[in-house]
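Structure assessment
One letter stands for each residue in the lines below.
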Amino acid sequence: MAAPEGQWVLMATGRSPTNIAVIKYWGKRDEALILPVNDSISVTLDPGHLSATTTVAVSPSFPSDRMWLNGKEISLSGGRFQSCLREIRKRACEFEDEKKGIKIKKEDWEKLHVHIASYNNFPTAAGLASSAAGFACLVFTLGKLMNVKEDYGELSSIARQGSGSACRSLYGGFVKWCMGKKDDGSDSLAVQLADETHWNDLVIIIAVVSSKQKETSSTSGMRDTVETSPLLQYRAQTVVPSRVLKMEEAIKNQDFESFAKLTCADSNQFHAVCLDTSPPIFYMNDTSHRIISLVEKWNQSEGTPQVAYTFDAGPNAVLIARNRKTAAVLLQKLLYYFPPQDKDLSR
Ligand SMILES: Nc1ncnc2c1ncn2[C@@H]1O[C@H](COP(=O)(O)OP(=O)(O)OP(=O)(O)O)[C@@H](O)[C@H]1O
Ligand SMILES: C[C@@](O)(CCOP(=O)(O)OP(=O)(O)O)CC(=O)O
């Protein structure tokens with residue numbers, strides 16, 4: 001290293017959006033490597049809306065790795081953070097900035113420590129996939145800092161070890177997480193099905209029913225489901241494989257009717273396996289159920305789907321409208337049936 005010991009700081013910043021699964025990931029076949037029991041498909045949101053922004057810094061003057069999430073220091077000792085840091089460090093390459101007098105050899109990265117600061121511009125751990133945006137961003141930004149040359153597929157398999165759904169946030173547009181077959185997880189990674197320009201008409205509206213942290217985390221919820229739900233076997237082995245093929249076709253052909261039916265059915269089956277878990281897991285609440293009824297009745301009365309709904313591990317509704325005109329009508333309906341309360345307006 002050319003600069004005097006401890007005199008320099010090198011930084012990189014990245015931003016990653018969250019993604020919303022339209023065919024859900026729920027259940028692991030390997031807890032440590034985070035390998036799923038089925039493929040899943042998601043749509044990545046616009047980074048301008050729900051995203052994580054992460055800055056990573058490295059300096060010889062840092063005595064240890066540290067991280068701040070939304071301004072509060074959090075521990076990096078957990079296995080998931082450690083896996084991401086280890087896997088990225090393994091792939092780090094030589095870096096040189098002659099002007100600043102910085103030269104980092106490949107082997108130096110193992111000894112250098114990082115400081116990480118990340119902000120989510122939406123509620124953390126509220127079932128809005130903060131872990132997806134967060135770990136995708138962490139891996140991407142560390143890769144940028146450490147001059148990692150791997151492609152996005154390889155980075156996605158590292159992000160997967162932070163949080164399964166994170167592997168899908170490395171790409172924009174429609175993304176498939178291929179479950180893979182190998183025991184070491186090397187073939188469990190994300191591929192882009194279509195980029196963000198492919199189906200421009202769609203509009204996504206997130207109705208935040210509650211921004212409170214959920215009671216059952218996705219990680220522990222899906223562990224209980226794997227251990228106790230007989231329905232999960234049927235879902236993973238029989239239902240999802242054919243649904244994934246149909247969903248790929250629907251996306252390719254921009255076939256909203258098929259897309260909406262598959263999305264709603266898959267969300268409902270995911271919540272059915274949660275209910276089939278012992279003890280049962282309830283992520284949706286009465287408001288979520290009322291939103292489902294509203295959409296189902298509207299779609300029925302139009303004769304063809306106008307809006308698709310999907311709910312992750314929480315009560316918040318993700319509503320996908322076929323176009324802007326439908327999205328405007330949807331907003332009107334939501335405001336009519338769920339008028340804002342005084343406390344919402346004063347926020
Ligand atoms: N910006 C971030 N950078 C790094 N890690 C993050 C970030 N945001 C969240 N996380 C990690 O993700 C955890 C929250 O994940 P959790 O799965 O509980 O909630 P969620 O992702 O919001 O919900 P879900 O995955 O069920 O939709 C945090 O405790 C933290 O470890
Ligand atoms: C319901 C889901 O959002 C579950 C996401 O689970 P996580 O990816 O948060 O779980 P871990 O891999 O244990 O971190 C469905 C999905 O995004 O596919």
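Residues numbered from 1 in each chain as written. Chains lettered and ligands numbered in written order. Predicted model: local features only at pLDDT ≥ 70, side-chain atom pairs only at ≥ 80, totals over all residues. Heavy atoms only, no water.

The protein goes by Diphosphomevalonate decarboxylase in an unreviewed UniProt entry, where it is assigned to Urochloa decumbens. Quoted straight from UniProt, the Sequence similarities (unreviewed entry) entry for the protein says "Belongs to the diphosphomevalonate decarboxylase family." Reading the Catalytic activity (unreviewed entry) entry of the UniProt record for the protein gives the comment "(R)-5-diphosphomevalonate + ATP = isopentenyl diphosphate + ADP + phosphate + CO2". (UniProt positions renumbered as here; feature names shortened; annotations may be inferred.)

Side note on the packing of helix 1 (residues 79-91) against helix 2 (residues 130-145)
Taken N-terminus to C-terminus, the directions of helix 1 and helix 2 make an angle of 25 degrees; their axes are 10 Å apart at the nearest point. One element, helix 1, and the other, helix 2, form an angle in the roughly parallel class. In this structure, helix 1 meets helix 2 at a crossing whose hand is right-handed. Every residue of helix 2 that contacts helix 1 at R80, F81, C84, L85 and I88 is listed here: F135, L138, V139, L142 and G143. Considering only residue class, the contact of helix 1 with helix 2 consists of eight nonpolar, one polar and one charged. (Axes fitted to C-alpha atoms, helices over the stretch in contact; angles between N-to-C directions. Helix = DSSP H or I, 4+ residues; strand = E, 2+ residues; numbered from the N terminus. Parallel < 35°, antiparallel > 145°, perpendicular 65-115°, else oblique. Left-handed = near helix turned anticlockwise from the far one by under 90°. Contact = heavy atoms within 4.5 Å. Nonpolar A, V, L, I, M, F, W, Y, C, P; charged D, E, K, R; others polar.)

Structural notes on the site of ligand 2
What surrounds ligand 2 is a group of 18 residues, the closest being Y25, K28, S163, G164 and S165. Taking K28, its side chain carries an N or O atom lying 2.7 Å from an oxygen atom of ligand 2. One nitrogen or oxygen atom from the side chain of R80 is found 2.7 Å from an oxygen atom belonging to ligand 2. Summarising the interface, the protein chains cover 94% of the accessible area of ligand 2, which totals 460 Å² for the free molecule. If one sorts the elements of the shell around ligand 2 by residue count, helix 4 (residues 218-228) sits on top with three residues. (Near = heavy atom within 4 Å. Polar contact = N/O pair within 3.5 Å; in protein donor to acceptor, adjacent residues only side chain to side chain. Areas by Shrake-Rupley, 256 points an atom, 1.4 Å probe, with all protein chains shown as cover.)

Notes on the nonpolar core
The biggest cluster of nonpolar side chains holds 48 residues, and the ones touching the most others in it are W109, L145 and M146. Sort the elements by how many residues they give to this core and helix 2 lands first, with six residues. Contacts of L145, omitting those with residues within four sequence positions, involve L10, M11, A12, V56, A57, V58, W109 and V114. Ranked by size, the runner-up nonpolar core spans 44 residues in total, among them V22, F122, A250 and L330. (Core = buried A, V, L, I, M, F, W, Y, C linked by side-chain atoms within 4.5 Å. Buried < 20%, exposed > 50% of the residue type's maximum accessible area, 1.4 Å probe, protein only.)

Structural notes on the sheet that holds strand 13 (residues 189-194)
Taken together, the four strands give an open sheet; going across it, the order is 2-5-12-13, and neighbouring strands pair in antiparallel fashion. Only two strands of the sheet have a single partner each, and these edge strands are strand 2 (19-23) and strand 13. The sheet shows a mean angle of 35 degrees between the axes of neighbouring strands, direction not considered. Bridge analysis of strand 2 against strand 5 (residues 40-44) gives four bridges, and the strand direction is antiparallel. Across the sheet, the residue bridging to I20 is V43, located in strand 5. Helix 6 (residues 256-275) rests against strand 2 and strand 12 (174-178) of the sheet, and its axis sits at about 95 degrees to strand 2. (Pairing = 2+ DSSP bridges.)

Side note on the pattern of salt bridges
Taken as a whole, this structure holds 17 salt bridges when the rule is applied. Among the ionic pairs, R66 bridges to E73, the shortest N-O distance being 2.9 Å. Classification of R66 as partly exposed rests on a relative accessible area of 32%. (Salt bridge = Lys/Arg side-chain N within 4 Å of Asp/Glu carboxyl O.)

So, the side chain of S59
By the element assignment, S59 lies in strand 6 (residues 51-59). For S59, a relative accessible area of 1% translates into the label buried. In this structure the side chain of S59 is engaged in a polar contact, spanning 2.7 Å, whose partner is the backbone oxygen of W8. Once you skip the residues sitting within four places of it in the chain, S59 turns out to touch W8, V9, L112 and H113.

Some details on the environment of F174
Position of F174 among the secondary structure elements: in strand 12. Residue F174 is classed as buried on the basis of its relative accessible area of 4%. Taking the C-alpha atoms as reference points, F174 and L45, 129 residues apart in sequence, are found 9.6 Å from one another.

What to know about the packing of aromatic side chains
For the coordinates displayed, the defined rule picks out 14 aromatic pairs. Consider the rings of W199 and F259, whose centres lie 5.2 Å apart with planes at 65 degrees: the pair is edge-to-face. Taken together, the positions of W199 in the loop between strand 13 and strand 14 (203-207) and F259 in helix 6 put the pair 60 residues apart, joining distant regions of the chain. Here the aromatic rings of F256 and F259 are separated by 6.1 Å at their centres, their planes lie at 40 degrees, and the arrangement is tilted. One end of the pair is F256 and the other is F259, both in helix 6 and three residues apart, which spans about a single turn. In this pair, the class of F256 matches that of F259, namely buried. A network of ring pairs unites the aromatic residues F174, W199, F256 and F259 as a single cluster. A cation over an aromatic ring shows up here: K333 above the ring of W298, its NZ or CZ 4.9 Å from the ring centre. (Phe/Tyr/Trp six-rings, centres within 6.5 Å; stacked < 30°, edge-to-face > 60°. Lys NZ or Arg CZ within 6 Å of the ring centre and 35° of its normal.)

Here we look at the side chain of Q306
The topology assignment puts Q306 in the loop between helix 7 (286-302) and strand 15 (307-311). For Q306, a relative accessible area of 12% translates into the label buried. With near-sequence residues (within four places) excluded, Q306 lies in contact with F256, W298, N299, I320, A321, R322 and T326.

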